[in-house]
Amino acid sequence: MKKNKISKNWIQRQKRDIYVRQSKIEGYRSRAVYKLIEIDEKFKIFNNTKSIIDLGAAPGSWSQYIVKKYKKSELLAIDLLNFEKIDKVNQLVGDFTKTENQEKIKSFFNKKVDVVISDMAVNTTGNKNLDSIVTGELCTDAMEFAYQNLDSKGKFVSKIFMGSSFNEIVADAKKKFKEVNIFKPLSSRKDSKESFIICKLLR
Ligand code: SAM
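The rules behind these values
Residues numbered from 1 in each chain as written. Predicted model: local features only at pLDDT ≥ 70, side-chain atom pairs only at ≥ 80, totals over all residues. Helix = DSSP H or I, 4+ residues; strand = E, 2+ residues; numbered from the N terminus. Rg over C-alpha atoms; globule rule 2.2 N^0.38 Å. Buried ≥ 20, exposed ≤ 12 C-beta atoms within 10 Å, placed from the backbone. Contact = placed C-beta atoms within 7 Å. Core = buried A, V, L, I, M, F, W, Y, C linked by C-beta atoms within 7 Å. Pairing = 2+ DSSP bridges. Axes fitted to C-alpha atoms, helices over the stretch in contact; angles between N-to-C directions. Near = placed C-beta within 6 Å.

S.K.: I'd like to hear about the overall build of the chain, residue by residue, with values.
M.R.: In terms of regular secondary structure, the chain is built from seven helices and seven strands. Here the C-alpha atoms of the chain give a radius of gyration of 17 Å, agreeing with the 17 Å that 2.2 N^0.38 yields for 203 residues. By its C-alpha atoms, the chain is 50 × 40 × 35 Å across when sized along the principal axes. Classification of the 203 residues of the chain by burial places 35% in the buried group. Within the chain, contacts between residues separated by at least 24 positions form 61% of all contacts whose residues are at least 6 apart in sequence.

Next up, the structure:
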């Protein structure tokens, strides 16, 4: 399909999408917020949490939801892209996979944290297998970081793509966490290979 035909289809789909419309009404920067809301309602991710790290946070709807609903939590959000300031969110611009940025995150809290969430994804290439491999690597990096930096009762949530690395990532999660669930929110597009892995309680 030609590039302008793809972008025309994308614009049409955005106009029809109820989550896009709802996010505009509610003042969220992305429809992605409804995935986190569904995850939170089902798995109670943020109850009694004080410190939260949001990986791949731009444009910022997940962070907006957290600071609006969980006012007592301290939130650090990082993205490769510079994103507009959100009140009460500590924002960092940089590549999460770089050691220096992980060190900055660690020294910000200087102790174990309660929740790590990751919606990191690279720009899709159109090759669904390649996209799932690269996003799988980001999920693996985020999970290792979470494992090293979460409190023993901590929680980890990450985007994960159904693809060649899926089973390996789930097996790794089960070695690191006592509770592991896979969940595809209703607001996640049906034609996307995206799901979420929700992990609780470190082993
Ligand atoms: N959860 C966000 C929200 O609610 O607005 C949407 C996140 S968007 C689906 C994925 C983001 O991951 C992009 O903004 C992208 O720049 C970011 N990302 C991808 N690789 C990254 C990396 N290595 N380090 C930091 N951010 C990354």
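S.K.: Tell me about the nonpolar core, residues and numbers included.
M.R.: Ranked by size, the top nonpolar core spans 46 residues in total, and within it Leu55, Trp62, Val116, Ala142 and Phe156 carry the most contacts. The leading source of residues in this core is helix H6 (residues 128-149), at seven residues. Each residue touching alanine 142, except ones within four places of it in the same chain, is listed here: Leu55, Val116, Ser118, Met120 and Ser158.

S.K.: Describe the sheet that holds strand E4 (residues 113-118), naming the residues involved and giving the relevant values.
M.R.: Spatial strand order, E3-E2-E1-E4-E5-E7-E6: seven strands in an open sheet with mixed pairing. Looking at which strands have only one partner, the edges of the open sheet turn out to be strand E3 (90-93) and strand E6 (177-183). The average angle at which neighbouring strand axes cross in this sheet is 15°, direction not considered. Pairing analysis gives seven bridges linking strand E5 (residues 150-161) to strand E7 (residues 194-202), with the strands arranged antiparallel. Paired with serine 158 across the strands is isoleucine 197, a residue of E7. Across the sheet, helix H4 (residues 61-69) lies against strand E1 (51-55), strand E2 (74-79) and E4, angled at about 175° from E2, the strand it touches most. Of the strands in this sheet, E5, E6 and E7 touch helix H7 (residues 166-176), which is tilted by about 145° from E6.

S.K.: Describe the site of the ligand, naming the residues involved and giving the relevant values.
M.R.: Taken together, the neighbourhood of the ligand is formed by 23 residues, with Gly56, Ala58, Ser61, Phe96 and Asp119 sitting nearest. Only H4 and E2 provide two or more residues apiece to the shell around the ligand.

S.K.: Mind laying out helix H3 (residues 33-43), listing which residues take part and the relevant values?
M.R.: Every α-helix winds through 3.6 residues per turn, so residues three or four apart in the chain are directed the same way. Of the positions making up H3, those classed as buried are Val33, Tyr34, Lys35, Leu36, Ile39 and Asp40. Buried positions along H3 lie against helix H2 (18-26), H4, E5, E6 and E7. Lysine 44 sits one or two residues past H3 and shows a positive phi near 50°.

Taken by themselves, the reported measurements are silent on function.
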